[in-house]
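Geometric and topological summary
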Amino acid sequence: MSGPLILGLETSCDETSAAVLKAPDTLKGHVIYSQDEHILYGGVVPEIAARAHVQRIDDVVDRALAEAGCRLSDIDAVAVTAGPGLIGALLVGVCWAKAAAFGLGKPLVAVHHMEAHLFAPSLENPDAVPPFVALLVSGGHTLLLHVPEWGTYHWLGQTRDDAAGEAFDKVARLLGMPYPGGPAIEAAASRGDAARYRFPRPMLRRNQRPGDDDFYDFSFSGLKTAVVTLVREIEADRQLEPEKEDVAASFQAAVVDVLTEKTMRAVEEMDCPRVLLGGGVAANGRLREALSKRLEPDGVLLSASARLSLDNGAMVARAGAFRLGRGEVASLDASPDPNLPFPGLMKASA
Ligand code: KG4
Ligand code: ZN
């Protein structure tokens, strides 16, 4: 089956990425440039991210095309992340995509960043298709969905404050670890004792019932505060350094517990033992392990490799192929939207 050749662009945060995809799911070329300009600042600086995208995007696209063995003129459609994300960063990808679509006389496809994360595992595993319960965990979002089919997204819960990845980043910073915090915490945690400290499991009470507001919702800011309090106590009394790995492991265990428990609630209530794990935090080995274990013996965990779990252009091209297949073409005067609503998202009937 030979579908259109799609160029996918991702510039919503701090990865500049381009992919060439033969629709629906054959990846021909893929380049991800992770901006290291932000390391100095301990977090993404929006203005620096936008500038770095401008400086890199031509080269990133050229390399993806070269890897695919084709030229820009061979492309049949241009898909781009139109939101959510940082407005200056999004503008770079969207303007580049609009110019290319106009110049080529080919369709422009606007892609929602979190819907793209949903499609990432299907690039590596043909079985990673609905129905599934989806846990999307990134630096900006924590979302629990039930997905009966592509394009129909039943909203179950979300974070009420910090996203899961944001909590990793903030705790890492507190412990003096580099940005992004997730990989740093995971590495430190692998050498620490997760039972050393007992952190709260926010929004997780045994007597919660389906239909309760907080049954599927998450909250990570109280957990971060608990870590801050503990770190201050330790520092007032002794050196933090020898206990850092235990703090990281205990914090990670609390996050993994909450994410796993809430997801398993959805598995049970939706009677759907297939779980798709997406977004940057999906790269966390402990989270994958915990979910896989809880899904045994009949369930299945669908997740992408770390490379495709983190922000990338391939998932944008893949989601773009789906939207293009439905005839959803964006206008050439489309603008990015930092708060773009999730397409097809509806409140699940309890
Ligand atoms: O999806 P993503 O690449 O960008 C956004 O859309 O936000 O996710 C980035 C987030 C960061 O907060 C980063 O710390 C987190 O994913 N992350 C991890 C790991 N690798 C990345 N969190 C936990 N464990 C990891 N191994
Ligand atoms: Zn992302």
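Once a new chain begins, its residue numbering starts again from 1 and follows that chain's sequence as written. To read the labels, note that chains go from A and ligands from 1, taken in the order they are written. Local features are withheld for residues below a pLDDT of 70 in this predicted model, meaning they are given only at 70 or higher, and side-chain atom pairs are given and counted only at 80 or more; totals for whole chains, interfaces and linings count all residues. As a convention, hydrogens and water are excluded, and side-chain values are obtained from all of the structure's heavy atoms.

Right, let's talk about helix H4 (residues 164–174) for a bit. Residues that lie three or four places apart on an α-helix share one face, since the helix turns once every 3.6 residues. Taken as a whole, H4 has its buried residues at Ala164, Gly165, Ala167, Phe168, Val171 and Ala172. An end-on view of H4 places all buried positions within 155° of arc, on one side of the element. The contact criterion used is simple: two residues touch if any of their non-hydrogen atoms lie within 4.5 Å. Helix numbers and strand numbers start at the N terminus; a helix is a DSSP run of H or I with at least 4 residues, a strand a run of E with at least 2. Against strand S6 (132–137), strand S7 (142–149), helix H5 (181–189), helix H6 (221–237) and helix H7 (244–269) lie the buried residues of H4. Categorising residues by exposure relies on relative accessible area from a 1.4 Å probe, with only protein chains included: less than 20% of the type maximum marks a residue as buried, more than 50% marks it as exposed, and the intermediate range marks it as partly exposed. Read the arc as the range of directions from the helix axis to the C-beta atoms.

We now examine the pairing of strand S1 (residues 5–10). Within S1, 6 of the 6 residues are buried, leaving the element largely enclosed by the surrounding structure. Side chains Leu5, Leu7 and Leu9 of S1 all project onto a buried face; the interleaved residues Ile6, Gly8 and Glu10 project onto the opposite face, where all are buried too. Following DSSP output, two strands are said to pair if at least two bridges run between them. Once S1 ends, the chain turns through 4 residues before running back antiparallel as strand S2 (residues 15–22). Pairing analysis gives 4 bridges linking S1 to strand S4 (residues 77–83), with the strands arranged parallel. Directly across from glycine 8, in S4, lies its bridge partner alanine 79.

This part is about the domain arrangement of the protein. Much of the literature gives interface size as the accessible area that the parts lose upon coming together. The domain boundaries assigned to the protein delineate domain 1 (5–118 + 309–347) and domain 2 (129–303). The partner domain 2 presents 22 residues to the 23 residues of domain 1 that form the contact. Two parts placed together each lose some accessible area under a 1.4 Å probe, and adding up what both lose gives the buried area. The contact between domain 1 and domain 2 buries some 1900 Å² in all, and 66% of this surface belongs to carbon and sulfur atoms. Considering only the side of domain 1, the residues that lose the most area to domain 2 are Met114, Leu118 and Ser309, jointly responsible for 31% of the buried surface there. Basic side-chain nitrogens of Lys or Arg form a salt bridge, by our definition, when they fall within 4 Å of a carboxyl oxygen of Asp or Glu. For the pair domain 1 and domain 2, the interface holds 0 salt bridges. Here a polar contact is recorded for every N or O atom pair within 3.5 Å, except that within protein the pair must consist of a potential hydrogen donor and a potential acceptor, and residues adjacent in sequence are included only if both atoms are side-chain atoms. Linking domain 1 with domain 2 are 5 residue pairs in polar contact (both at pLDDT 80 or more). Annotation comment: domain bounds sourced from an automatic or database domain assignment.

The next subject is the sheet that holds S2. Hydrogen bonds between backbone atoms are what pair the strands of a sheet, whose relative direction is either parallel or antiparallel. In space, the 5 strands of this open sheet follow the order S3-S2-S1-S4-S5, with mixed pairing throughout. Sheet topology places strand S3 (26–34) and strand S5 (108–112) at the edges, where each strand pairs with a single neighbour. Each adjacent strand pair in this sheet contributes to an overall mean axis angle of 20°, direction not counted. Here 5 bridges tie S4 to S5, and the two strands are oriented parallel to one another. The residue of S5 that forms the bridge with threonine 81 is valine 111. Between the N-to-C directions of two axes lies an angle of 0 to 180 degrees, each axis being a line fitted to C-alpha atoms and, for a helix, fitted only over the stretch in contact. This element, helix H1 (residues 46–68), spans S1, S2 and S3 of the sheet and lies at about 25° to S2. The sheet strands contacting helix H10 (residues 313–325) are S1, S2, S3, S4 and S5, and the helix crosses S1 at an angle near 130°.

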